[in-house]
Amino acid sequence: MKTTVTYVGNWLKNLFIIAGLTSLMTGVAVASESHGADHGHGAHGEEAAHGHASAEESEDVDITEVIGHHISDGHDWHIIDINDHPVSVPLPVILYSSEKGLDVFLSSKFQHNDDGKVVVETKAGNRYVKVHEEIYFASEKANAHGAFVEMDEHHHPVNAKPYDVSLTKDVAEMLLGVSLMLVIFISVANGAKKREGKAPRGIQSFFEPLILFVRDEIAIPNIGKKHHERFMPFLLTVFFFIWINNLLGLLPGAPNLTGNIAVTLTLAVFTLVITVVNGNKNYWLHIFATPGVPWWLLPIMVPIEIIGIFTKPFSLMVRLFANITAGHIVILCVIGLIFMFKSAYVGVASVPFGVFMNALELLVAFLQAFVFTLLSAIYFGSAVEEGHH
Amino acid sequence: MTAGVFAALGAGLVAIGAALGIGKIGSSAMEGIARQPEAGGKIQTAMIIAAALIEGVSLFAVLVTLLAVQAG
């Protein structure tokens, strides 16, 4: 008993050290990003970003903009600003339009400009500008604000847009997460093959219990012993993909991948397609002629059941997206309070709370992966359930 | 501006509803576990599923309020 308590105590201690370090680094990242948001408004951003309260000198830091910039996708992977110099990883921009053809260049060619003031001209003579992370064809002449786009009365550009299939920071993060998963699981699989029937070793001993957890706690109770095996590849992949990318997203400077609704949509569509494809006679019978329901109720029941096919994956999509995005926003808000009040003393309250939120997010990262996999397993279970009437 | 105020009110209502729902699940689950500690694991899983479903509905509402702010 005592050893268990020490074990849990050590684990909690490590958790808090990790959460504390991440939180401090998030603070640094917010400071640099708010710096970046200030960039171009004036030269006084430095005081604001470093928390020196000098009301008449420093300008307001727009925390909403910083948060919006952090949680949305972008064409380059902005990490930190050092002395007004943005440090970022340039990523390939891939544009296609039927008239102008295919263009590929690095996002660093926009020189971190996001107001359409920097025009990128390709060898073929195509000209592009970037406004709020959207790429447009550049106008011939600059407008009154120096931007090469035409604006309507709501300040939305009206220029034509090419198809943008760029490798954005979310895609880069996803490729990173996927390569990490490949490295981990190939070594785990090789270890399991080599030591079949023996005790696991190394990284294998960390992941084997998790794999068994997905099988014994998620798949078998909800799908049943007979059918669970063919859903295991998807359940394991989706569980570890969401979990690992949630954790990667908590690192400072990392993009918010699982808080991107396009990513969660794709995952949810996989669940939808697998459920519908595997649906047996019973599953469709329950939708189009629910047993035990009087015939005059069917005109109401059938549309509801058909909508139900789609609302289930829709809620999967929204749940993951909203939980992760909300977590990121709360942490950034808490740290951002320091810069809103322009006082380092606010940090006395907001840094410990930020550490607490980060520790909570570590739990949420696991819980959301678990819930997504669990609900997917329940839907698969309902699709392959044998009749018991 | 008004859209923002109403969206904030809506978000507050959502929080009340979701808190009531999840609180009810939590209290019942604890009662259940106290009465029958050996069923704790099963009750916990069922509790998480039910909480996730309620959370899903409340997140729909949050999404609607977000869209209301953007539209308004």
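Given the structure is predicted, the values throughout are model-derived calculations rather than measurements.

Trainee: How should I be thinking about the overall build of chain A in this particular structure?
Mentor: For chain A, the helix and strand inventory stands at 10 helices and 8 strands. Across the 389 residues of chain A, 45% fall into the buried class. For chain A, long-range pairs separated by at least 24 residues make up 61% of all intrachain contacts whose partners lie at least 6 apart in sequence. Here chain A displays about 20,900 Å² of accessible surface, and carbon together with sulfur accounts for 67% of that area.

Trainee: How should I be thinking about unusual backbone geometry in this particular structure?
Mentor: Look at histidine 132 of chain A: it is not a glycine, yet its phi comes out positive at around 50°. Tracing the backbone through its elements, the reader meets histidine 132 of chain A in the loop between strand 6 (127-131) and strand 7 (134-137).

Trainee: I would appreciate a short explanation of helix 1 (residues 2-35) of chain B in the present structure.
Mentor: Owing to its 3.6 residues per turn, the α-helix aligns residues three or four sequence positions apart on the same side. All names here are of chain B. For helix 1, which comprises 34 residues, the first-to-last C-alpha distance of 49 Å matches the rise-based estimate of 50 Å (1.5 Å per residue) to within 8%. Taken as a whole, helix 1 has its buried residues at Ala3, Ala7, Val14, Ala18, Gly21, Ile25, Ala29 and Gly32. Residues of helix 1 that are buried in the fold lie against helix 2 (40-71).

Trainee: What am I meant to see in the pairing of strand 4 (residues 101-106) of chain A here?
Mentor: Strand direction decides the pairing type here: strand 3 (residues 92-97) of chain A and strand 4 of chain A, joined by 6 bridges, are antiparallel. What sits directly across from proline 92 of chain A, in strand 4 of chain A, is leucine 106 of chain A.

Trainee: Just to check I follow, could you spell out the side chain of histidine 75 of chain A for this structure?
Mentor: Residues and elements named next belong to chain A. Position of histidine 75 relative to the elements: it lies in the loop between helix 3 (63-71) and strand 1 (77-82). Here histidine 75 falls in the buried class, since its relative accessible area comes to 4%. Only 2.8 Å separates the side chain of histidine 75 from the side chain of aspartate 164, close enough to count as a polar contact.

Trainee: What exactly am I supposed to notice about the sheet that holds strand 8 (residues 163-164) of chain A here?
Mentor: Strand pairing within a sheet occurs via backbone hydrogen bonds; the two strands may be parallel or antiparallel. Strand order in the open sheet made by the 3 strands is 4-3-8 (chain A), with antiparallel pairing throughout. Two strands close off the open sheet at either side, each with one partner strand: strand 4 and strand 8 of chain A.

Trainee: Help me understand the nonpolar core, please; the structure alone is not making it clear to me.
Mentor: Generally speaking, nonpolar side chains in soluble globular proteins are found buried as a group. Counting 49 residues, the largest nonpolar core has Leu235, Phe240 and Ile242 of chain A as its most contacted members. Of all elements in the fold, only helix 4 (169-194), helix 5 (204-223), helix 6 (228-250), helix 7 (261-278), helix 9 (298-341) and helix 10 (346-384) of chain A together with helix 2 of chain B reach the threshold of two or more residues within this core. Those residues within four positions of leucine 235 of chain A in sequence are excluded, and the remaining contacts are Val214, Ala219, Ile223, Thr373, Ser376, Ala377 and Phe380 of chain A.

Trainee: Got a minute to help me understand the interface of chain A and chain B in this structure?
Mentor: Taken together, the 14 residues of chain A in the interface contact 10 residues of chain B. On the chain A side of the interface with chain B, the three residues burying the most area are Val318, Arg319 and Leu374 of chain A, jointly 35% of the side's total. Between chain A and chain B we count 1 salt bridge in total. Glutamate 55 of chain B is paired through a salt bridge with arginine 319 of chain A; the nearest N and O atoms lie 3.6 Å apart.

Trainee: Quick question: what am I supposed to make of the confidence of the model for chain B here?
Mentor: On average, chain B scores 88 in pLDDT, and the residues at 70 or more come to 99%. Of the two predicted TM-score estimates for the complex, the pTM is 0.80 and the ipTM is 0.72.

Trainee: I tried to follow the sheet that holds strand 6 of chain A on my own but got confused; where do I start?
Mentor: Strand order in the open sheet formed by 3 strands is 5-6-7 (chain A), with antiparallel pairing between adjacent strands. Taken across any chain shown, the strands that pair with only one partner, and hence form the sheet edges, are strand 5 (120-121) and strand 7 of chain A.

Trainee: It is not clear to me how the packing of helix 9 of chain A against helix 2 of chain B should be interpreted in this structure. Could you clarify?
Mentor: Angle between the axes and distance between the axes are the two parameters that describe a pair of packed helices. Where helix 9 of chain A meets helix 2 of chain B, the closest approach of the two axes is 9 Å, and the angle between their N-to-C directions is 75°. With respect to helix 2 of chain B, the element helix 9 of chain A is oriented roughly perpendicular. From helix 9 of chain A, Phe314, Ser315, Val318, Arg319, Phe321, Ala322 and Asn323 of chain A reach across to helix 2 of chain B, where they touch Ala52, Leu53, Glu55, Gly56, Leu59, Phe60 and Leu63 of chain B. Residue composition of the contact of helix 9 of chain A with helix 2 of chain B, grouped by class: 9 nonpolar, 3 polar and 2 charged.

Trainee: Is there a simple way to explain a nonpolar patch on the surface in this structure?
Mentor: The grouping of Tyr96, Leu102, Val104 and Tyr163 of chain A at the surface amounts to a nonpolar patch, some 470 Å² of accessible area in total. Take tyrosine 163 of chain A: it is sitting in strand 8.

Trainee: Any chance you could explain the packing of aromatic side chains here in plain terms?
Mentor: Geometry of an aromatic ring pair is reported as the spacing of the ring centres plus the angle between the planes. All names here are of chain A. Summed over all chains, the structure comprises 21 aromatic pairs over all chains. Seen in terms of ring centroids, phenylalanine 213 and phenylalanine 366 are 6.2 Å apart; in terms of plane orientation they differ by 35°. Their pairing is tilted. With phenylalanine 213 in helix 5 and phenylalanine 366 in helix 10, this residue pair connects regions lying 153 residues apart in the sequence. For phenylalanine 213, a relative accessible area of 24% translates into the label partly exposed.

Trainee: What is the right way to look at the packing of helix 1 of chain B against helix 2 of chain B in this model?
Mentor: All names here are of chain B. Interhelical geometry of helix 1 versus helix 2 gives an angle of 175° and a closest axis separation of 9 Å. In terms of orientation, helix 1 lies roughly antiparallel with respect to helix 2. The residue makeup of the contact of helix 1 with helix 2, split by class, is 18 nonpolar, 8 polar and no charged.

Trainee: Would you mind showing me how to read the pairing of strand 1 of chain A here?
Mentor: The side chains of a regular strand alternate, first on one face of the sheet and then on the other. Residues and elements named next belong to chain A. Here 5 bridges tie strand 1 to strand 2 (residues 85-89), and the two strands are oriented antiparallel to one another. Across the sheet, the residue bridging to isoleucine 80 is valine 87, located in strand 2. Where strand 1 hands over to strand 2, the hairpin turn is made up of 2 residues, of which asparagine 83 adopts a positive phi near 50°.

Here is what the cut-offs are and how they apply
Numbers given for residues are sequential positions, taken from 1 along each chain in its written order. Note on labels: chains are lettered from A, ligands numbered from 1, in written order. Whole-chain, interface and lining totals are the exception, using all residues; otherwise, since this is a predicted model, local features are given only for residues with pLDDT of at least 70 and side-chain atom pairs are given and counted only at 80 or more. Side-chain numbers come from the whole structure's heavy atoms, not from hydrogens or water. Runs of E in the DSSP output that reach at least two residues are strands. Runs of H or I that reach at least four are helices, and both are numbered from the N terminus. A simple rule labels every residue: compare its accessible area, found with a 1.4 Å probe on the protein chains alone, to the largest value its type can have, and call it buried under 20%, exposed over 50%, or partly exposed in between. Contacts between residues were defined by any pair of non-hydrogen atoms, one from each residue, lying within 4.5 Å. Note that accessible areas follow from Shrake-Rupley with a 1.4 Å probe, and for residues the cover is restricted to the protein chains shown. Given the number of residues in a helix, its expected span is that number minus one, multiplied by 1.5 Å. Note on pairing: two strands pair once DSSP finds at least 2 bridges between them. Think of a polar contact as two N or O atoms within 3.5 Å of one another; within protein, one of them needs to be a possible hydrogen donor and the other a possible acceptor, and neighboring residues in sequence only count if both atoms come from side chains. In these notes, a set of buried Ala, Val, Leu, Ile, Met, Phe, Trp, Tyr and Cys residues joined through side-chain atoms within 4.5 Å is what counts as a nonpolar core. Defined here as a combined quantity, buried area equals the accessible surface (1.4 Å probe) lost by two parts on assembly, summed across both. When a carboxyl oxygen of Asp or Glu is within 4 Å of a side-chain nitrogen of Lys or Arg, the pair counts as a salt bridge. One number per residue, pLDDT, summarises how confident the predictor is, and it ranges from 0 to 100. For helices, the axis comes from a line fit to the C-alpha atoms of the stretch in contact; other axes are also lines fit to C-alpha atoms, and the angle between any two N-to-C directions lies between 0 and 180 degrees. What sets the label is the angle itself: under 35 degrees gives roughly parallel, over 145 gives roughly antiparallel, 65 to 115 gives roughly perpendicular, and the rest give oblique. Nonpolar residues are Ala, Val, Leu, Ile, Met, Phe, Trp, Tyr, Cys and Pro. Charged residues are Asp, Glu, Lys and Arg, and all others, Gly as well, are polar. Patch membership is restricted to residues that have no salt bridge and whose relative accessible area is over 30%. Joining uses 9 Å for like charges and 5 Å for the nonpolar side chains Val, Leu, Ile, Met, Phe, Trp and Tyr. Centres within 6.5 Å make a pair out of two Phe, Tyr or Trp rings, where for Trp the six-membered ring is used; the pair is then stacked when the planes are under 30 degrees apart, edge-to-face when over 60, and tilted otherwise.

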